[in-house]
Amino acid sequence: MCVFVLLSATEGEDKPLKYPPIFHSAHVAIITKSDLAVAAGFDREQALAHLGRISHHAQVFELSAKTGQGMDAWCDYLAEQHRATMADRRRES
């Protein structure tokens, strides 16, 4: 099972510090609404530093549904996870 956690650019870069258990348990951290980061005063570098400190093992994706930024990498990751899951199921049967 893979644990995902979302970090919205509009809610601040400090969330990994406020909620360390969920961020620490995550295999994947997704920064959402990256297109709004500048308008929201989101400090990307600080957010990545906090994620690196708390979720050092998590793969990080920065996404914007509005602009499509990061969606190709995210979809590729999901497809690879699906392939791996299906391969595991075939081996188990």
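Look a little higher up for the structure.
Definitions and cut-offs
- Residues numbered from 1 in each chain as written.
- Predicted model: local features only at pLDDT ≥ 70, side-chain atom pairs only at ≥ 80, totals over all residues.
- Heavy atoms only, no water.
- Core = buried A, V, L, I, M, F, W, Y, C linked by side-chain atoms within 4.5 Å.
- Buried < 20%, exposed > 50% of the residue type's maximum accessible area, 1.4 Å probe, protein only.
- Helix = DSSP H or I, 4+ residues; strand = E, 2+ residues; numbered from the N terminus.
- Contact = heavy atoms within 4.5 Å.
- Arc of directions from axis to C-beta.

Draft legend 1. Just the nonpolar core, in detail. Listed in full, the 12 residues of the largest apolar core are Val5, Leu7, Ala9, Phe23, Ala26, Ala29, Ile31, Ala37, Phe42, Ala47, Leu51 and Ile54. Contributing elements (two or more residues each) for this core: strand E1 (4-8), strand E2 (28-32) and helix H4 (44-54). No other element matches the 3 residues that H4 contributes to this core. Setting aside residues no more than four positions away along its own chain, Phe42 makes contact with Ser8, Ala9, Gly12, Glu13, Ile31, Ala37 and Ala47. Listed in part, the 6 residues of the second largest apolar core include Ile30, Phe61, Leu63 and Tyr77.

Draft legend 2. Molecular detail of H4. Ala47, His50, Leu51 and Ile54 are the residues of H4 that are buried. The buried side chains of H4 occupy one side of the element, clustering within an arc of 100° when seen end-on. Opposite the buried face of H4, by more than 90 degrees, sit the exposed residues Glu45 and Arg53. Buried residues belonging to H4 abut E1, helix H1 (15-18), helix H2 (20-25), E2 and strand E3 (59-62).

Draft legend 3. Just the environment of Cys2, in detail. With respect to the secondary-structure elements, Cys2 resides in the segment before E1. Residue class for Cys2 comes out partly exposed when judged on its relative accessible area of 28%. Among all residues touching Cys2, those that are not within four sequence positions of it are His27, Val28 and Tyr77.

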